[in-house]
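# Observations on chain architecture
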Amino acid sequence: MERALYSGNEAIARGACEAGVLVATAYPGTPSTEILESLSRYSGINVEWSCNEKVALEVASGASFSGARALVAMKHVGLNVAADPLMTLAYTGVGGGMVIVSADDPGMHSSQNEQDNRFFARFAGIPMLEPCDSDEALRLTKQAFDLSERFDTPVLLRVTTRISHSKGIVQLEDPKPRPQPERIPLQPSKYVMLPSHARRRAIVRQERLAALRREAENWVSEERGAGNGSVGVITSGIVYNYVREAAPDLDILRLIMTYPLPDEAVRRFAEKHSRIVVIEELDTFLTDQVRALGIETEDLGSSWKTGELDPDRVARMLGREVREIEVVKGPPPSPPVMCPGCPHRSTFAVLRNLGVEVTGDIGCYTLGALPPLSAMNTCVNMGGGVAHAFGIEKAHGPQSSEKTVAVIGDSTFLHSGITPLLDIVYNGGTTTTIILDNATTAMTGRQDHPGTGRRLDGAQAPAVDLEALCRALGVNDVRTIGAYDLDTVEQAVKQALARREPSVIIVKTPCVLMERRRGVAYSIDVDVCTECGACLELGCPAIKESDDGMLIDPLLCTGCDLCRQVCELQAIQEEEA
Amino acid sequence: MSDAETRNVLFAGLGGQGVLVVSGITALAAFRTGYDVKQSEVHGMAQRGGSVTSHVRFGRKVRSPLIPQGAADFLVAIHEKESTRCRSQIRPGGIVIDPSLPGAADELCNKWGNLYLLGILSGHLPFDREAWRQAIRSVVPQKFLELNLAAFDRGAASVSQSNGDIAS
């Protein structure tokens with residue numbers, strides 16, 4: 001059997017492929033993005049970047065209802081967007097097997113919260129599987145499709161950043177042949193969730209959960225440790241590997257299906273041990289259920305409930321000695337910054353200088369909140385910023401909207417910014433919205449979306465016309481400008497703020513990473529420069545203070561020209577060839 | 001190196017410096033040599049010029065993809081600042097490979113300077129030479145392959161010239 005070194009995300013894609021998945025959908029989101037990118041490299045699978053996670057789940061549902069195996073992947077907060085169909089899919093069940101991958105982000109490496117999506121399995125009432133490494137991610141993905149079909153239910157495959165983005169050795173098998181599945185006629189009693197139908201399906205859901213609780217007994221792994229067997233650890237997922245490494249002496253009950261819980265296996269394990277410790281990342285999801293069985297578990301306190309676990313934290317949770325390290329007084333980790341030449345920079349420099357409040361959104365441009373740009377005041381969820389600005393206007397009157405600007409990226413606007421903009425028009429607002437159109441989903445690694453003219457499989461696609469779309473929503477004041485002239489950006493913002501009607505400014509310039517756009521590098525004439533710091537206020541990583549005065553790193557500079565525009569002494573010029 | 005022992009290599013640098021490229025090559029080389037291996041890294045926000053670390057662990061059986069604190073056998077730091085920041089993660093007797101090594105600063109003026117540091121690392125690790133070269137070939141774009149291989153070879157040669165194989 002062939003072996004390979006795969007990330008968790010690549011392994012999930014491989015597992016789905018081996019299981020004969022036919023349709024796979026997602027909206028990009030760290031740490032889940034590479035699942036669909038990997039799936040797009042296998043032939044015969046119909047993949048798509050959906051507009052958002054709700055649409056992704058709905059497209060996958062249609063495929064499943066009609067008989068095909070379908071997979072949908074998203075980051076943890078994406079499942080909030082898709083929660084509406086999710087809750088009722090637990091009633092309808094599936095046709096072809098359906099696997100929903102939720103990639104959680106404990107520690108918030110690249111997220112706005114660290115919600116524990118294990119609760120979604122319990123909330124919806126669907127089974128959940130949690131792999132502990134890449135190899136198991138591959139096998140569980142395959143088995144999840146079988147489980148889904150056997151129990152007529154969507155299955156939640158829950159992973160975390162440390163599974164998705166860790167590589168390990170996986171065993172490959174030949175993919176299952178993927179013949180076009182027979183189209184299953186859609187039974188209204190199963191799929192039309194009128195109250196009369198849904199009441200019957202609610203009973204089916206309860207009976208299914210009872211059956212799954214018995215099935216869960218087959219999805220555990222009990223391991224004897226090298227010690228005397230008095231202490232037993234109940235754990236799951238990646239954390240299992242930390243426990244195994246930190247405490248090889250302890251007995252472990254590893255739960256592979258973490259909802260529903262295998263009551264009998266847990267009880268038997270508890271009876272054999274005088275002390276039970278539940279080690280889990282984030283909330284006390286397992287702990288509470290184990291305690292509900294009347295089993296006493298060690299009280300670990302609440303300090304472990306935030307942040308990502310690692311071998312050292314787990315060792316401390318188990319009361320083990322940890323190798324103390326001498327913390328060197330050194331520089332703090334470098335924060336992420338906007339790239340040199342980033343087309344978002346000019347907008348945030350202008351907004352900061354105008355002193356307006358900025359209701360922001362999720363993407364690279366959220367970095368506009370950090371100094372020295374410091375030009376963002378809210379960022380909560382995808383699409384939220386547009387509505388925040390309108391809420392402020394509703395609370396404080398139309399004149400307040402002269403001091404507020406909503407900023408949203410192109411991909412985020414198409415994900416969930418259209419409806420709040422329509423809301424502003426419909427409800428008589430005058431709010432100004434800036435769409436930062438860099439022609440890609442930059443933050444997650446430059447994926448296509450409905451505005452780019454290309455699909456995940458590389459095919460050409462119609463590109464939505466943002467200006468026409470905004471006009472169709474009823475916004476009359478729509479203008480499109482380029483990003484690299486500060487005066488143009490400033491004038492556009494001032495004019496839009498003064499209008500007593502909703503305004504949209506589309507700042508349209510492609511992501512600097514996408515075209516590897518590189519003009520002539522600029523340089524600073526140190527004889528003219530007084531080190532006033534005006535150029536530093538742009539927050540460009542190419543501009544640095546040195547012992548010899550200010551300088552521009554020619555390897556980083558893309559020649560975007562912004563620093564020349566802010567230098568009143570004209571000390572910055574294109575470097576002569 | 002005894003069979004039961006897991007070896008830990010910590011990679012550090014800034015987003016865009018190729019930390020994930022060199023750690024990926026190392027993990028592949030370990031895999032192709034026949035070790036169990038795990039590699040862990042974080043994408044997303046971390047890539048926007050911020051601090052990036054990647055953990056590679058290999059041995060007979062590797063459990064955690066994360067290196068316990070203070071247990072790195074090797075630190076490969078592409079940036080001086082990141083080298084200082086991660087210094088405390090090295091075990092006593094561990095080896096630092098960073099821009100302060102002779103010749104490294106000059107090599108790091110090139111885009112493939114990270115491969116020079118990787119070459120130095122290769123001199124300390126028990127992987128097959130062919131496994132390294134295959135791994136580099138499968139990760140580095142064809143266009144820059146020769147330049148990268150040459151930088152790797154110069155790094156590897158600098159170890160054998162100075163103090164030979166100091167891997168335990």
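Placed above this text is the structure.
So, here's what we can say about the structure. Here the structure is a predicted model, which means the values were calculated and not measured.

Let's shift gears to the overall build of chain B. Within chain B, the regular secondary structure consists of six helices and five strands. In chain B, the share of contacts with a sequence separation of at least 24, taken over all contacts with a separation of at least 6, comes to 64%.

This brings us to the interface of chain B and chain A. Contacts between chain B and chain A engage 39 residues on the former and 46 residues on the latter. Interface area, chain B with chain A, both sides summed: about 3,600 Å², of which 59% is carbon and sulfur. Remark: the boundary between chain B and chain A carries one salt bridge. In this structure, R57 of chain B engages E245 of chain A in a salt bridge whose closest nitrogen and oxygen atoms are separated by 2.9 Å. The set of elements that each furnish at least two residues to the side of chain B that touches chain A consists of α1 (19-33), β2 (36-41), β3 (51-59), α2 (80-86) and β5 (90-97) of chain B. Looking at side-chain class alone, the side of chain B that touches chain A contains 15 nonpolar, 13 polar and eleven charged residues.

To continue, consider the packing of aromatic side chains. Summed over the entire model, instances satisfying the criterion amount to seven aromatic pairs over all chains. Ring plane angle 35° and centroid distance 5.4 Å describe the contact between F127 of chain B and W132 of chain B, whose orientation is recorded as tilted. Given the relative accessible area of 8%, F127 of chain B is considered buried. Taking relative accessible area as the criterion, W132 of chain B reaches 2% and is therefore assigned buried. Each member of the aromatic cluster is reached from another via a ring pair, and the members are Y35, F58, F127, W132 and F152 of chain B. For the cation-ring pair, R254 of chain A lies above Y240 of chain A, with the distance from its terminal atom to the ring centre recorded as 4.8 Å.

This model, assessed by the stated rule, comprises 43 salt bridges over all chains. Between D152 of chain A and K190 of chain A there is a salt bridge whose closest N-O contact spans 3.0 Å. Placement of D152 of chain A in the loop between α7 (134-151) and β7 (155-160) and of K190 of chain A in helix α9 (residues 188-191) is noted, with a sequence separation of 38 residues between them. Judged by relative accessible area, which is 9%, K190 of chain A ranks as buried. A salt bridge links R7 of chain B to E5 of chain B, with the nearest nitrogen and oxygen atoms 3.7 Å apart. We classify R7 of chain B as buried; its relative accessible area is 6%.

Cut-offs used in this document
Residues numbered from 1 in each chain as written. Chains lettered and ligands numbered in written order. Predicted model: local features only at pLDDT ≥ 70, side-chain atom pairs only at ≥ 80, totals over all residues. Heavy atoms only, no water. Helix = DSSP H or I, 4+ residues; strand = E, 2+ residues; numbered from the N terminus. Contact = heavy atoms within 4.5 Å. Buried area = accessible area lost by both parts, 1.4 Å probe. Salt bridge = Lys/Arg side-chain N within 4 Å of Asp/Glu carboxyl O. Nonpolar A, V, L, I, M, F, W, Y, C, P; charged D, E, K, R; others polar. Phe/Tyr/Trp six-rings, centres within 6.5 Å; stacked < 30°, edge-to-face > 60°. Buried < 20%, exposed > 50% of the residue type's maximum accessible area, 1.4 Å probe, protein only. Lys NZ or Arg CZ within 6 Å of the ring centre and 35° of its normal.

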